[in-house]
Amino acid sequence: MARKSRRNFGYVFLLLLLIAVYAWERNPDRQVVSRVVDGDGIVLAGGERIRYIGIDTPELNHPSRGTEFFAQEAYKANRRMVEGKRVELKFDVEERDRYGRLLAYVYIDGLMINEWLVANGYAQAASFPPNVKHAQRFQELEQKARELEIGLWAKRE
């Protein structure tokens, strides 16, 4: 009798484990990045388009200016950081922009990618109320990157 209940416990445990894994995979706050659009935009495996909150990177395909200065570098940095990886999304006040993209702070292993891009000179702070939870921090990081003359802020020759 004890042997049968242990076996049943094993099946129940395995079933619960599978349910937990499935629920974790389906969690909209933790998804795999299937494609990087540009320096501040990604597409998740399920097709959801994400726009990073609080930052702006140079455009790869600006309608009138074409590829802006440092756009390729920002795109490549974002790609290195997130493509094919599981990211965690955190939200602010408004969840979507006028284009239907989900607005999020994007994290990998506790590192906020939005913040990292600004700190390393790939992006500038861009505050769009009401999503301003980290606006002051982004401004401080941009100022530091400017002082250090890195990325966007490096002297051009």
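The coordinates are above.
1. Points about the pairing of strand S2 (residues 41–44)
Turning to step 1, where the next piece is worked out: Here S2 shows no split at all, with Gly 41 and Val 43 on one side and Ile 42 and Leu 44 on the other all buried.
Turning to step 2, where the next piece is worked out: Sheet topology note: the strand S1 (residues 30–38)/S2 ladder contains four bridges and is antiparallel. Counted as the bridge partner of Asp 38 is Gly 41 from S2.
Turning to step 3, where the next piece is worked out: Here S1 folds back onto S2 in antiparallel fashion, the turn holding two residues.
Turning to step 4, where the next piece is worked out: The pairing of S2 with strand S3 (residues 49–52) spans three bridges and is antiparallel. From the neighbouring strand, Val 43 faces S3, where its bridge partner is Arg 49.
Turning to step 5, where the next piece is worked out: Connecting S2 to the antiparallel partner S3 that follows it, the hairpin turn spans four residues, and Gly 47 within it adopts a positive phi of roughly 100°.

2. Let's talk about unusual backbone geometry
What is expected of a backbone is that most residues other than glycine have negative phi and most peptide bonds are trans.
Turning to step 1, where the next piece is worked out: Cis geometry is found at the peptide bond from Pro 129 to Pro 130, where omega equals 10°.
Turning to step 2, where the next piece is worked out: Summarising the element assignment, Pro 130 is placed in the loop between strand S8 (124–125) and helix H4 (135–148).
Turning to step 3, where the next piece is worked out: Of note in the backbone geometry, Asp 109 takes a positive phi value of approximately 50° without being a glycine.
Turning to step 4, where the next piece is worked out: Along the chain, Asp 109 falls in the loop between strand S6 (102–108) and strand S7 (111–112).

3. Digging into the pattern of salt bridges
Turning to step 1, where the next piece is worked out: With the rule as written, the count across this model stands at nine salt bridges.
Turning to step 2, where the next piece is worked out: A salt bridge links Arg 79 to Glu 83; the shortest N-O distance between them is 2.8 Å.
Turning to step 3, where the next piece is worked out: Where Asp 97 meets Arg 101, a salt bridge forms, and the shortest distance between an N and an O atom there is 2.6 Å.
Turning to step 4, where the next piece is worked out: With a relative accessible area of 18%, Asp 97 lands in the buried category.
Turning to step 5, where the next piece is worked out: Look at the salt bridges and you will find they share partners, linking Asp 40, Arg 51 and Asp 56 into a network.

4. Considering H4
In an α-helix there are 3.6 residues to a turn, and that puts residues three or four apart on one side.
Turning to step 1, where the next piece is worked out: Here H4 contains 14 residues, and its C-alpha end-to-end distance of 20 Å stays within 8% of the 20 Å for a straight helix at 1.5 Å per residue.
Turning to step 2, where the next piece is worked out: Glu 149 occupies a position one or two residues after H4 and carries a positive phi of about 55°.

5. Here we look at helix H2 (residues 71–82)
Turning to step 1, where the next piece is worked out: Between its first and last C-alpha atoms H2 spans 17 Å; for 12 residues at 1.5 Å apiece the expected length is 16 Å, and the two agree.
Turning to step 2, where the next piece is worked out: Those residues of H2 lying buried are Ala 71, Ala 74, Tyr 75, Ala 77, Asn 78, Met 81 and Val 82. One side of H2 carries all its buried residues, which in axial view fall inside an arc of 165°.
Turning to step 3, where the next piece is worked out: Two residues or fewer past H2, Gly 84 is found with a positive phi of approximately 80°.

6. As for the environment of His 134
Turning to step 1, where the next piece is worked out: Positionally, His 134 belongs in the loop between S8 and H4.
Turning to step 2, where the next piece is worked out: In the structure, His 134 is positioned 42 residues away from Asp 92 in sequence and 9.3 Å away in space, judged by C-alpha atoms.
Turning to step 3, where the next piece is worked out: Apart from residues lying up to four places away in sequence, His 134 is in contact with Tyr 105, Tyr 107 and Met 112.

7. Section: the packing of aromatic side chains
Turning to step 1, where the next piece is worked out: Taken as a whole and judged by the stated rule, the model has four aromatic pairs.
Turning to step 2, where the next piece is worked out: Ring centres 5.7 Å apart and planes at 40° place the aromatic pair Phe 69 and Phe 70 in the tilted group.
Turning to step 3, where the next piece is worked out: We classify Phe 70 as buried; its relative accessible area is 14%.
Turning to step 4, where the next piece is worked out: Between the aromatic rings of Tyr 105 and Phe 138, the centroid separation amounts to 6.4 Å while the plane-to-plane angle is 50°, which identifies the pairing as tilted. A residue pair is termed long-range when its members are at least 10 positions apart, and Tyr 105 in strand S6 and Phe 138 in helix H4 qualify at 33 residues. Exposure class is identical for Tyr 105 and Phe 138. Each is buried.
Turning to step 5, where the next piece is worked out: These aromatic residues form a ring-pair network of at least three members: Phe 69, Phe 70, Trp 116 and Tyr 122.
Turning to step 6, where the next piece is worked out: It is Lys 90 that lies over the ring of Tyr 107; its NZ or CZ is 4.7 Å from the centre.

So, how was this worked out
Residues numbered from 1 in each chain as written. Predicted model: local features only at pLDDT ≥ 70, side-chain atom pairs only at ≥ 80, totals over all residues. Heavy atoms only, no water. Buried < 20%, exposed > 50% of the residue type's maximum accessible area, 1.4 Å probe, protein only. Helix = DSSP H or I, 4+ residues; strand = E, 2+ residues; numbered from the N terminus. Pairing = 2+ DSSP bridges. Salt bridge = Lys/Arg side-chain N within 4 Å of Asp/Glu carboxyl O. Expected span 1.5 Å × (residues − 1). Arc of directions from axis to C-beta. Contact = heavy atoms within 4.5 Å. Phe/Tyr/Trp six-rings, centres within 6.5 Å; stacked < 30°, edge-to-face > 60°. Lys NZ or Arg CZ within 6 Å of the ring centre and 35° of its normal.

By themselves, these figures tell us nothing about what the structure is for.
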